[in-house]
Protein chains: 2
Amino acid sequence: MSGTHTDVPSVVAHELPRPVPLDEFAACPVGEVFRRVGDRWSMLLVILLGRRSYRYNELHRAIEGISQRMLTRTLRGLETDGLVHREVHPTVPPSVEYSLTPLGRTLLEPLSALADWAVLHEPEIAKARAERIRGGGPSSDL
Amino acid sequence: MSGTHTDVPSVVAHELPRPVPLDEFAACPVGEVFRRVGDRWSMLLVILLGRRSYRYNELHRAIEGISQRMLTRTLRGLETDGLVHREVHPTVPPSVEYSLTPLGRTLLEPLSALADWAVLHEPEIAKARAERIRGGGPSSDL
DNA sequence: CAGCATCCACTCTGATACTG
DNA sequence: CAGTATCAGAGTGGATGCTG
């Protein structure tokens, strides 16, 4: 693992004599950040906006599958967290330009790393998934 | 995970009726993979299992906040996708050991990169979020 | 053009109770 | 110990209609 965040491991990884909960781990920012960026559209928008700035309907057309509602919601969320900048040009008709903030641009790299992983290994995942299903899934309510 | 999906790209996914520039991206495996790993517990388990193997109740205690249901579901999901290996030792009482597969271990690095980003920039996000809220929250159902 | 409001379906998550 | 079954609530995402 490459220099991990919650390095509490001196306790956890070696001895673990008692039920040391991973408080510092379970409650660490990773989960929160994933909740923000791990939804259906956020990371897509971040990577997209990493190339250039877009206008609202431009994004709507580019993604093709996202609803106005989710586009707006996602952009607002990213804006709220300081990842995306929203600039309104008071023209007629109005035009709004979305772009990444410096903070948002820093996210671009780790996100791309994960995206690359996804592209690279998706076939393996699909294969593993298919094999499991053929084996007879215990379904549950999954 | 029922909606947009690009099926196994190996052989079958070269010609789709799509009108967009982002096709290879918007419908690419990134979204699917994020849906798998982007839930509340998956990446936590992956990073945790990246250190060593764990038994079921050991994980349950370690994470402290996850329900049995979600622990089982998440493990099953990761197992289905070939990221986690589940080995049952036919002892009495039974013991089940969970560990990362080689594929799962490859995920560890990009995941850690993102985790590092999260830890590093979480304060900025929290700050940006706090400032936005003071500005006046939009109603909507966000 | 760039949204907001409303309704609705589906998913995710957790609490609780029970089993081999 | 290592799960499974069921119920219920919150959250997510989409369709449609309307506005400045």
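See above for the structure.
Residues numbered from 1 in each chain as written. Chains lettered and ligands numbered in written order. Predicted model: local features only at pLDDT ≥ 70, side-chain atom pairs only at ≥ 80, totals over all residues. Heavy atoms only, no water.

**Q** Looking at this structure, how should I read the protein's contact with DNA strand D?
**A** Around DNA strand D sit 25 residues, and of these Arg69(A), Asn57(B), Thr72(B), Arg86(B) and Tyr98(B) come closest. Arg40(A) is positioned such that a nitrogen or oxygen atom in its backbone is 3.0 Å from a phosphate oxygen of DNA strand D. Between DNA strand D and Gln68(B) there is a distance of 3.1 Å, counted from a base oxygen to a side-chain nitrogen or oxygen. At the level of secondary structure, the elements contributing two or more residues to the surface near DNA strand D comprise α6 (68–80) of chain A together with α5 (56–63), α6 (68–80) and β3 (95–100) of chain B. Per-class residue counts for the surface near DNA strand D are eight nonpolar, seven polar and 10 charged. (Near = heavy atom within 4 Å. Polar contact = N/O pair within 3.5 Å; in protein donor to acceptor, adjacent residues only side chain to side chain. Helix = DSSP H or I, 4+ residues; strand = E, 2+ residues; numbered from the N terminus. Nonpolar A, V, L, I, M, F, W, Y, C, P; charged D, E, K, R; others polar.)

**Q** Would you take a moment to explain α6(A) for this structure?
**A** Counted at 1.5 Å a residue, the expected span for α6(A) with its 13 residues is 18 Å, and the 18 Å between its end C-alpha atoms agrees. Looking at the residues trailing α6(A), positive phi occurs at Gly82(A), about 80°. (Expected span 1.5 Å × (residues − 1).)

**Q** Just to check I follow, could you spell out the protein's contact with DNA strand C for this structure?
**A** Near DNA strand C lie 29 residues; those nearest to it are Asn57(A), Thr72(A), Arg86(A), Tyr98(A) and Arg69(B). Counted by atom, the contact set of DNA strand C within 4 Å of the protein is 63% sugar and phosphate. Between a phosphate oxygen of DNA strand C and a side-chain N or O atom of Arg76(A), the distance comes to 2.9 Å. Broken down by secondary-structure element, the contributors of at least two residues to the surface near DNA strand C are α5 (56–63), α6 and β3 (95–100) of chain A together with α6 of chain B. Classifying every residue of the surface near DNA strand C gives nine nonpolar, 10 polar and 10 charged.

**Q** Even after reading the chapter, I still don't get the pairing of β3(B), so can you show me in this structure?
**A** Residues and elements named next belong to chain B. Counting buried residues along β3, five of its six residues qualify, which places the element largely inside the surrounding structure. In this structure, strand β1 (residues 54–55) lies alongside β3, joined through two bridges in antiparallel fashion. When the sheet's bridge partners are listed, Tyr54 is paired in β3 with Tyr98. Relative to β3, strand β2 (residues 84–89) is paired through six bridges, and the arrangement is antiparallel. Bridge pairing in β3 links Arg86 to Tyr98. The loop that links β2 with its antiparallel partner β3 comprises five residues. (Buried < 20%, exposed > 50% of the residue type's maximum accessible area, 1.4 Å probe, protein only. Pairing = 2+ DSSP bridges.)

**Q** What am I meant to see in the packing of aromatic side chains here?
**A** Remark: the centre distance and the inter-plane angle together describe each pair of aromatic rings, the angle taken between the planes. Enumeration according to the criterion identifies one aromatic pair over all chains in this entry. Ring centres 6.4 Å apart and planes at 15° place the aromatic pair Phe34(A) and Phe34(B) in the stacked group. Linking Phe34(A) in helix α3 (residues 29–37) with Phe34(B) in helix α3 (residues 29–37), this pair reaches from one chain into another. The positively charged end of Arg52(A) is found above the aromatic ring belonging to Tyr54(A), 3.9 Å away from the centroid. (Phe/Tyr/Trp six-rings, centres within 6.5 Å; stacked < 30°, edge-to-face > 60°. Lys NZ or Arg CZ within 6 Å of the ring centre and 35° of its normal.)

**Q** Would you mind showing me how to read the sheet that holds strand β1 (residues 54–55) of chain A here?
**A** In sheet architecture, strand pairing relies on hydrogen bonds along the backbone and comes in two forms, parallel and antiparallel. Residue and element names in this part refer to chain A. Spatially, three strands are ordered β1-β3-β2 in an open sheet, and the strand pairing comes out antiparallel. Strands at the two margins of the open sheet, each flanked by one partner only, are β1 and β2 (84–89). Across the face of the sheet, α6 comes into contact with β2 and β3 while running at roughly 110° to β2. (Contact = heavy atoms within 4.5 Å. Axes fitted to C-alpha atoms, helices over the stretch in contact; angles between N-to-C directions.)

**Q** Honestly, the environment of Thr101(A) in this entry has me stumped. Any pointers?
**A** Residue and element names in this part refer to chain A. As for its position among the elements, Thr101 is in the loop between β3 and α7 (102–134). For Thr101, a relative accessible area of 15% gives the class buried. For Thr101 and Val84, which are 17 residues apart along the polypeptide, the C-alpha to C-alpha distance reads 5.2 Å. The contact partners of Thr101, leaving out residues within four places of it in the chain, are Gly82, Leu83, Val84 and His85.

**Q** When you look at the pattern of salt bridges in this model, what are you seeing that I'm missing?
**A** Side chains that carry opposite charge are capable of pairing whenever their charged atoms lie near each other. Summed over all chains, the structure comprises six salt bridges over all chains. Two residues, Arg36(A) and Asp81(A), come together in a salt bridge whose shortest N-O distance is 2.3 Å. Residue Arg36(A) is located in helix α3, and its partner Asp81(A) is located in the loop between α6 and β2; the two are separated by 45 residues in the primary sequence. Between Asp81(B) and Arg129(A) there is a salt bridge whose closest N-O contact spans 2.8 Å. With one member in each of two chains, Asp81(B) in the loop between α6 and β2 and Arg129(A) in helix α7 form a pair that bridges those chains. For Asp81(B), a relative accessible area of 1% gives the class buried. Overlapping salt bridges bring together Arg36(A), Asp81(A) and Arg129(B) as one network. (Salt bridge = Lys/Arg side-chain N within 4 Å of Asp/Glu carboxyl O.)

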